[in-house]
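Observations on the model geometry
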Amino acid sequence: MSGFSIDWLDLREGADRRARADKLLEQARHWLQSDAAPQSEINVVDLGAGTGSTLRAFSAASGSNHDSLSWHLVDQDAQLLAQARLRHGDSHQLQTHELDLTDIAALPLEGAKLITASALFDLVSADFIERLAVEMDRRCQQQAVGLYSALNYDGTTSWTPAHPLDEDVLKAFNRDQQRDKGFGAALGPDAGTYMERVFNSLGFSVYSVSSPWVLDSDDSKLVDALISGIADAVAQDPALNAASLQDWIQFRKLHSLGGTCSVGHTDLLALPQGD
Ligand SMILES: C[S@@+](CC[C@H](N)C(=O)[O-])C[C@H]1O[C@@H](n2cnc3c(N)ncnc32)[C@H](O)[C@@H]1O
């Protein structure tokens with residue numbers, strides 16, 4: 001168990017799908033097809049795959065034309081991987097790998113043309129990104145491999161109607177985002193810019209596009225869950241007064257129908273240069 005439930009991942013998937021930058025997804029699909037011999041197998045390795053939301057996003061974007069992709073889903077959570085197999089084992093070329101991502105040498109990167117991830121890289125450390133980028137750069141001597149990383153939280157959240165505690169709660173939430181999530185101190189909101197810098201420095205071409213969640217009354221279940229998640233994350237923050245926080249929670253839940261919420265993310269694509 002990773003702490004990411006199937007229910008939570010299902011709840012956020014619609015908003016994630018709307019938020020994903022179509023342009024980068026299209027560019028990533030184009031990269032996968034470039035220089036591919038007809039009928040040849042193209043390997044994609046999805047890190048922190050959960051139940052397979054990135055596979056679904058690529059499949060939806062390509063209609064029925066995804067037969068040549070061979071997906072390797074990597075996650076440390078056996079239940080999420082079992083769910084991915086249940087949903088896609090019959091329809092896709094799929095292998096699951098129950099692994100801890102921090103062991104980069106153990107990742108099934110042999111022959112990969114694209115590494116993908118969604119809602120993952122804000123959990124990881126600077127060291128993890130550097131080690132992964134160096135490993136990709138090394139592998140590019142044999143076979144060019146790119147990275148598509150969607151939905152990296154960027155530290156911005158805005159609400160309507162406004163509440164006086166919004167800014168303090170956001171600051172506390174962003175502090176919690178930098179807590180160690182198993183990779184060392186997490187980059188949290190800095191993940192997107194850090195990845196951009198590291199991959200640029202290794203000579204990759206990096207494309208970055210904003211991909212915010214834009215939520216309204218139709219997303220009230222997700223907004224409710226988001227409010228609860230934020231409240232849990234900031235509950236112990238000494239800068240927040242407990243009674244004021246309760247007031248904020250009540251106010252936010254009262255307006256999850258009728259109000260709006262926007263949560264900033266960036267999607268990033270890093271491709272070996274010259275490709
Ligand atoms: C926010 S979820 C995103 C899941 C999926 N990509 C999606 O967008 O629905 C993060 C995923 O990363 C996985 N994860 C977190 N830390 C991990 C680690 N050290 N090794 C392997 N998987 C990890 C979790 O189990 C979870 O499935």
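A brief structural summary. Just so you know, these numbers come straight off a predicted model, no measurement behind them. (Residues numbered from 1 in each chain as written. Predicted model: local features only at pLDDT ≥ 70, side-chain atom pairs only at ≥ 80, totals over all residues. Heavy atoms only, no water.)

Turning our eyes to something else, we now look at the overall build of the chain. When you go through the chain residue by residue, the secondary structure sums to nine helices and eight strands. A compact globule built from 275 residues would reach a C-alpha radius of gyration of about 19 Å, and the chain, at 19 Å, matches this within 12%. If one aligns the C-alpha atoms of the chain with their principal axes, the spans along those axes are about 60 × 35 × 30 Å. Taken over 275 residues, the chain has a buried fraction of 51%. In the chain, 83% of the contacts between residues at least 6 apart in sequence involve partners at least 24 apart. (Helix = DSSP H or I, 4+ residues; strand = E, 2+ residues; numbered from the N terminus. Rg over C-alpha atoms; globule rule 2.2 N^0.38 Å. Buried < 20%, exposed > 50% of the residue type's maximum accessible area, 1.4 Å probe, protein only. Contact = heavy atoms within 4.5 Å.)

What follows concerns the site of the ligand. Of all residues adjacent to the ligand, which total 18 residues, the nearest are Gly48, Ser53, Asp75, Leu101 and Ser118. One of the side-chain nitrogen or oxygen atoms of Ser53 is found 3.0 Å away from an oxygen atom of the ligand. One nitrogen or oxygen atom from the side chain of Asp75 is found 2.5 Å from an oxygen atom belonging to the ligand. Protein chains bury 97% of the 590 Å² of accessible surface belonging to the ligand in isolation. Judged by the fraction of its atoms near the pocket grid, the ligand is located in the largest pocket. (Near = heavy atom within 4 Å. Polar contact = N/O pair within 3.5 Å; in protein donor to acceptor, adjacent residues only side chain to side chain. Areas by Shrake-Rupley, 256 points an atom, 1.4 Å probe, with all protein chains shown as cover. 1 Å grid on protein atoms, 1.4 Å probe; cavity = no way out; pocket = protein on both sides within 12 Å on 5 of 7 lines; lining within 4 Å. Sits in = over half its atoms within 2 Å of the grid points.)

With that out of the way, let us pick up the layout of surface pockets. The calculated volume of the largest pocket comes to roughly 1,300 Å³. Lining the largest pocket are 47 residues, with Phe4, Trp8, Arg12, Ala119 and Leu123 positioned closest to its centre. Of all the elements, helix α8 (residues 220-234) adds the most residues to the lining of the largest pocket, at seven residues. Residue classes in the lining of the largest pocket are distributed as 21 nonpolar, 15 polar and eleven charged. As for the second largest pocket, its lining consists of Leu109, Glu110, Gly111, Ala112, Arg138, Arg139, Gln142, Gln143 and Val145. Partitioned by chemical class, the residues of the lining of the second largest pocket number three nonpolar, three polar and three charged. (Points joined across faces, edges and corners; volume = space filled by probe spheres on them. Nonpolar A, V, L, I, M, F, W, Y, C, P; charged D, E, K, R; others polar.)

Keep in mind these values describe shape, not function.
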